[in-house]
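Structure at a glance
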Amino acid sequence: MTVELDTDIAVVGAGPAGLAAALAAAGAGARVTVLDEYPEPGGQFYKQLSSEFSVPERARLDDDYTKGDELLAAVRDAGVTLSPETLVWGSFEPGTLSVMQGHAAGTVRARSIIVASGAYERVVAFPGWDLPGVMTPGGVQTLVKNQQVAPRGRIVLGGSGPFLLAVAKSLIAAGAKPAVIYEATRPLEWLRHAPRLWGHWDRISEALHYRRLIAAAGVPVRFGRIVVRAEGDARLERVVLMECDGEGRPIPGTEQIERVDTLCIGYGFVPSVQLARLLGCTHRYELRRGGWVPEHNEEMESSVPSVFVTGEVAGIGGAHVALAEGRLAGLGAARRLGLQVADAAMADARQERLTRRRFGDLVNDVFALKPGVYDQIGDDTLVCRCEEVTARQIREAATEWGADVNFVKGVTRCGMGYCQGRVCGGMVEELTARTVGCSREAVGAFRVRPPLKPVQVGSLADLARE
Amino acid sequence: MNSNKPVVPGAVITVFVDGQPVQARRGQTLAAALLALGHSVLRRTRHSGKPRGLFCAMGICYDCVVTVNGETGVRACMKRVEDGMQVISPAQFKRYEPRK
Ligand code: FES
């Protein structure tokens, strides 16, 4: 079985950015198809419940569902085609995307491509991070919110960033109150950013609302502490925490042991740039926005003509950025096709994007990754989970082969497993750069090649035959 | 799940985990169903045989791969349960060989 599809604009990713882009482009008269790997649209922010679940009272669901509902309804009304469970795994000529729907392979042809592939979580390894029971905050959020299953036992949140509070809120609502939240930064360290809050009142009240809710539930938030080790026999039983200084370096003598069944830990997000890189877009390293990000012009068009990038993939900034930037990319892509888009609409979208990006950058700065958290990666710590490569192997390879992360990959096999380096990539780059003593730009990033995610070989054979 | 909750999962179905019949709810991912049943170890690693469970739960890390109806390398967190589904958790095996 094969899939063939022709469209004006193919949007990859059905999260806020992709949906906002689709809506804007369709509004300008373009035929738009949104391709997304998940069964339900919405991305990670607006992830929808399975259609098999019933919701007796929609009004009792929280905002993310109702906002997602509204956006999706508008997208459907605008005549956008939503193509769920469609994995984009390659691109072999400009304007084409190779896709997989279940076991059916196929090709999507488009005059413009909007990459809205979002982000995934940044994890920094520590001994024991591969034990069952250690999870990412986003994973826990998906389980409790979308699957209605709470993780087991005593739950502790760690790492850094406002998303931890969102996960805590979902856990509380599900009756699985976390025992404690450990945030790596300290409020004192935030103060220098305070003046930049001026004007962003809606976001401030949102943050205060979360904070109040968590305090009312009696969940303590402890600042300036990081998880340095997880221990257990076959699964997580306890973690060791330490206080850290402003740089994230653990302070000797501050060890504390905490009994934990589920540890939910993450240090913000990394843009999911694999497709943008495969399409040939030029990327630059921007630590503040999560790492490698595709370059783009004022209308979100990347260095490759007719390929647009938008939302988290263009730099971490949150759902509001994604919505604003999605609209801008949608209008930009429509205009690129020769459709009429009023200058005023373009200007308004550009302005909205800038405002939202300013706040997104502020949040990124407040919760900036402290470089010292990499210090907990001892030589025996596992870095690549798939191929079971330790930090020692990476450091040795970097010492011997120098500042090229792809050499390190070739020598150690790190990043060659199923996840294709999505989980370990940033760490391998960082460890290589530190070992050699050079910049992240100098060590580069893992090369990407198709398939972007593992696909059934049989399905590709079908495609070749037809 | 009681009716007091704003969301009610789908109908009860049966899936077979390592040959044992267990209950799941339509619309659930296999990962959620297994977690609800208390399975925290989903597989053992290829080289050192260490236990692994759900990690990202969103299709990124591939730590949750199991065998479903004979197909290996299926992400439990992305796969929806179906009535009569046969799941083999590679935790059964000392060494797990992924499909090449
Ligand atoms: S838990 Fe990461 S892919 Fe399923």
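1. Some details on the overall build of chain A
Along chain A, the regular secondary structure elements total 14 helices and 21 strands. For chain A, whose C-alpha radius of gyration is 22 Å, the value lies close to the compact-globule estimate of 23 Å for 466 residues. If one aligns the C-alpha atoms of chain A with their principal axes, the spans along those axes are about 65 × 55 × 45 Å. Out of the 466 residues in chain A, the part that is buried amounts to 58%. Pairs at least 24 residues apart make up 65% of the contacts formed inside chain A by residues separated by at least 6 positions. If you sum the accessible surface of chain A, you get close to 18400 Å²; carbon and sulfur atoms cover 53% of it. A gap of 3 Å separates the mean positions of the 52 positive and 56 negative side-chain charges of chain A.

2. A short note on the confidence of the model for chain B
Predicted coordinates in areas of low pLDDT are best not read in detail. All names here are of chain B. Of the residues in chain B, 85% have a pLDDT of 70 or more, and the chain-wide mean is 86. Mean pLDDT in chain B bottoms out at strand 3 (residues 43–44), which sits at 89, and peaks at strand 1 (residues 12–17), which reaches 96. Under a pLDDT of 50 for its full length, residues 93–100 has, in the predicted model, 23 contacts with residues more than four places off or in other chains.

3. Overview of empty space enclosed by the protein
Under the counting rule described, the total for this entry stands at 5 cavities of 30 Å³ or more. Taken as a whole, the largest cavity spans an internal volume of roughly 200 Å³. In terms of lining, the largest cavity is formed by 17 residues, of which the most central are K47(A), T142(A), Q147(A), T29(B) and R80(B). A total of 3 residues in the lining of the largest cavity trace back to one element, the largest contributor, which is helix 3 (residues 137–146) of chain A. Within the lining of the largest cavity, the residues separate by chemical class into 8 nonpolar, 6 polar and 3 charged. Put simply, the second largest cavity is a space of about 140 Å³. As for the second largest cavity, its lining consists of 16 residues, of which G133(A), M135(A), L35(B), S40(B) and L54(B) are closest to the centre. In terms of residue count, helix 1 (residues 30–36) of chain B provides more of the lining of the second largest cavity than any other element does, 3 residues in total.

4. Observations concerning the packing of aromatic side chains
All names here are of chain A. On inspection of all chains with the given rule, the structure shows 9 aromatic pairs over all chains. Note on W190 and F223: the rings are 5.8 Å apart at their centroids and 85 degrees apart in plane angle, and the pair reads as edge-to-face. In this pair, W190 sits in helix 5 (residues 187–190) while F223 sits in strand 11 (residues 221–223), placing the two residues 33 residues apart along the sequence. The exposure class assigned to W190 is partly exposed, which follows from its relative accessible area of 27%. The exposure class of F223 is partly exposed, given its relative accessible area of 26%. Aromatic side chains W198 and W201 sit 5.0 Å apart centroid to centroid with 80 degrees between the ring planes, which places their arrangement in the edge-to-face category.

About the cut-offs
- Residues numbered from 1 in each chain as written.
- Chains lettered and ligands numbered in written order.
- Predicted model: local features only at pLDDT ≥ 70, side-chain atom pairs only at ≥ 80, totals over all residues.
- Heavy atoms only, no water.
- Helix = DSSP H or I, 4+ residues; strand = E, 2+ residues; numbered from the N terminus.
- Rg over C-alpha atoms; globule rule 2.2 N^0.38 Å.
- Buried < 20%, exposed > 50% of the residue type's maximum accessible area, 1.4 Å probe, protein only.
- Contact = heavy atoms within 4.5 Å.
- Areas by Shrake-Rupley, 256 points an atom, 1.4 Å probe, with all protein chains shown as cover.
- Lys, Arg positive; Asp, Glu negative; His and termini not counted.
- Charge placed at Lys NZ, Arg CZ, Asp CG, Glu CD.
- pLDDT = per-residue confidence, 0-100.
- 1 Å grid on protein atoms, 1.4 Å probe; cavity = no way out; pocket = protein on both sides within 12 Å on 5 of 7 lines; lining within 4 Å.
- Points joined across faces, edges and corners; volume = space filled by probe spheres on them.
- Nonpolar A, V, L, I, M, F, W, Y, C, P; charged D, E, K, R; others polar.
- Phe/Tyr/Trp six-rings, centres within 6.5 Å; stacked < 30°, edge-to-face > 60°.

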